Amino acid sequence: MPEITVRTKSKTYPVYINKFALEDVAEKWTKSLAKYSHVFVLTDEHVSELHQAKLDKILADLTAVTYYVAPNGEEAKTFRVYEDVMTKMIETGLDRKAVLIAFGGGVIGDLGGFVAATYMRGIPFYQVPTTVLAHDSAVGGKVAINHPLGKNMIGNFYQPEAVIYDTSFFSTLPEREMRSGFAEMIKHALISDQTLLRALMDTFTQPEDFYTKDLTPFLQRGIEIKASIVAEDETEQGVRAYLNFGHTFGHALEAYGNFGKWLHGEAITYGMIYALTMSERIYGLNFDLLEFKTWLQRLGYDTAFDVTVPYNKILENMRHDKKTTFNEITMVLLEQIGKPVIFKAEDELILETYIQVMRNGGDIF
């Protein structure tokens, strides 16, 4: 089974990835889990309904297992749900020798990791992602919940014991969720490798390809790209910020939509186009943006940007972004594909770029 090793200053851990990952590690993993006083599984309503039985088989011989089923979507990454999870853990009597399993997509991974990082000042946890999007969020140790004024504003850097990535779960993902996760794969290609981007564009040409073509080698490559960056900069003091390509604008859009109108990958897609447009303006990026937009449209991305979104709200949300320091908005731009740079963008440039992407008849693409 493909295995990737993530090395950081605080921890080294494996990422197991294939279509049968849970089955392949079941025996070894069960023995490891038996060493803990209690296993606390955090999942959501959708994953619980579809896939809990698969995890139950692995945990069947363990004597102390508790489930918490959170709401679906970004609603789970709120103070209210975080407090409720903590209450459940305290009432259940979890001690410092307990372990948490985050079983779900990126939202559950973020929430579960933050719960594990803060319960009794930290207990171990495992990431068991069930979505394409989670190939990015489950690796690297960023854990958080949202605040109404900004995405992932309350969080920590806290690495899992392991990531067990069983891609068989993808078969039940709606097409919209597949597209959302695929956006992060596109991001990894844009910041790292023109060849990888071309391979993605040539391999995936219609929405059906998400289900009929093997995503695994591209997911592996994306995880390897992220792992190499995280190994160099675990707590985002430098190059790890490159992984935020498209996220400054994208997170601002998500916050404007109350973390419900756009899925994460949908917002990030708009953010990447915004950043590519600014990159052309500032660095003369040599990139066929028209071909890229056309490809996105063929994959089913909604190309009609909401022209009613007010610039002042987006700017305000960008100021609340975690990367903003000294009231200066930081953008990740591209000098060329695979060569990201950090750029301090002034308000005038942010507005001019906003106007530029809006001039296409309300079509950001």
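Residues numbered from 1 in each chain as written. Predicted model: local features only at pLDDT ≥ 70, side-chain atom pairs only at ≥ 80, totals over all residues. Heavy atoms only, no water.

### Remarks on the domain arrangement of the chain
A common way to express how large an interface is: the accessible area buried when the components associate.
Phase 1: Partitioning the chain into domains gives domain 1 (3–171) and domain 2 (175–360).
Phase 2: Using C-alpha coordinates to define each centre, domain 1 is positioned 26 Å away from domain 2.
Phase 3: If you look at the interface, domain 1 gives 31 residues, while domain 2 gives 31 residues.
Phase 4: Roughly 2800 Å² is buried in total at the junction of domain 1 and domain 2, and carbon and sulfur atoms are behind 66% of that figure.
Phase 5: Across the domain 1-domain 2 interface, the total number found is 4 salt bridges.
Phase 6: D136 serves as the salt-bridge partner of K226, at 3.7 Å between the closest nitrogen and oxygen.
Phase 7: For the pair domain 1 and domain 2, the interface holds 13 residue pairs in polar contact (both at pLDDT 80 or more).
Phase 8: Those elements giving two or more residues to the side of domain 1 that touches domain 2 turn out to be β1 (3–7), β2 (12–18), α5 (134–137), β7 (142–147) and β8 (150–157).
Phase 9: Here the side of domain 1 that touches domain 2 is built from residues that sort into 13 nonpolar, 12 polar and 6 charged. (Domains from an automatic or database assignment. Contact = heavy atoms within 4.5 Å. Buried area = accessible area lost by both parts, 1.4 Å probe. Salt bridge = Lys/Arg side-chain N within 4 Å of Asp/Glu carboxyl O. Polar contact = N/O pair within 3.5 Å; in protein donor to acceptor, adjacent residues only side chain to side chain. Helix = DSSP H or I, 4+ residues; strand = E, 2+ residues; numbered from the N terminus. Nonpolar A, V, L, I, M, F, W, Y, C, P; charged D, E, K, R; others polar.)

### Structural notes on the packing of aromatic side chains
Phase 1: The full count for this structure, using the stated rule, is 16 aromatic pairs.
Phase 2: Aromatic ring contacts, followed pair by pair, group F182, F204, F210, F218, F287, F292 and W295 into a single cluster.
Phase 3: One Lys or Arg, K54, reaches over the ring of F169 and ends 4.9 Å from the middle of that ring. (Phe/Tyr/Trp six-rings, centres within 6.5 Å; stacked < 30°, edge-to-face > 60°. Lys NZ or Arg CZ within 6 Å of the ring centre and 35° of its normal.)

### As for unusual backbone geometry
Phase 1: Here the phi dihedral of M120 falls at roughly 50°; this positive angle occurs in a residue that is not glycine.
Phase 2: The residue M120 is located in the loop between α4 (106–118) and β6 (125–129) in this model.
Phase 3: Given the relative accessible area of 37%, M120 is considered partly exposed. (Buried < 20%, exposed > 50% of the residue type's maximum accessible area, 1.4 Å probe, protein only.)

### Examining the UniProt feature "binding site: Zn(2+)" (unreviewed entry) in the chain
Phase 1: UniProt's feature table lists "binding site: Zn(2+)" (unreviewed entry) at E184, H247 and H264, given in the numbering used throughout. Taken along the chain, the residues just named run across 81 residues; in space they keep tight, none of their C-alpha pairs more than 10.2 Å apart.
Phase 2: Along the polypeptide, E184 turns up in helix α6 (residues 175–192).
Phase 3: Taking relative accessible area as the criterion, E184 reaches 1% and is therefore assigned buried. (UniProt positions renumbered as here; feature names shortened; annotations may be inferred.)

### Structural notes on helix α10 (residues 247–256)
Phase 1: With respect to burial, α10 is a largely interior element, 9 of its 10 residues being buried.
Phase 2: Restricting attention to buried positions, one finds in α10 the residues H247, T248, F249, G250, H251, A252, L253, E254 and A255.
Phase 3: In this fold, the buried residues of α10 make contact with β8, α6, α11 (264–283), α13 (311–319), β10 (329–336) and α14 (347–358).
Phase 4: N258, located one to two residues past α10, shows a positive phi value of around 55°.

### A few points about the pairing of β1
Phase 1: Only one face of β1 is covered, namely the one carrying I4 and V6; the face carrying E3, T5 and R7 has none of its residues buried.
Phase 2: For β1 and β2, the ladder comprises 5 bridges, and the chain directions are antiparallel. Residue T5 lies in a different strand from β2, and its bridge partner there is P14.
Phase 3: The antiparallel pairing of β1 with β2 creates a hairpin that spans 4 residues between the two strands. (Pairing = 2+ DSSP bridges.)

### Let's talk about the environment of F182
Phase 1: On the secondary structure map, F182 appears in helix α6.
Phase 2: Relative accessible area serves as the criterion here: at 1%, F182 is assigned to the buried category.
Phase 3: Distance from F182 to F218, taken between C-alpha atoms, is 9.9 Å for residues 36 residues apart in sequence.
Phase 4: Residues in contact with F182, not counting those within four places in the same chain, are V132, L200, F204, F210, L215, W295, L299 and Y301.

### Description of the pairing of strand β5 (residues 99–104)
The side chains of a regular strand alternate, residue by residue, between the two faces of the sheet.
Phase 1: Burial analysis of β5 places 6 of its 6 residues in the buried class, the great majority of the element.
Phase 2: The side-chain alternation of β5 yields two buried faces, one formed by V99, I101 and F103 and the other by L100, A102 and G104.
Phase 3: Sheet topology places strand β3 (residues 39–44) next to β5; 4 bridges connect them, and they run parallel. Looking at the pairing, V41 lines up with I101 of β5.
Phase 4: As for the winding sense of the linkage, the β-α-β connection from β5 through α4 to β6 is right-handed. (Right-handed = clockwise from strand over helix to strand, strands pointing away.)

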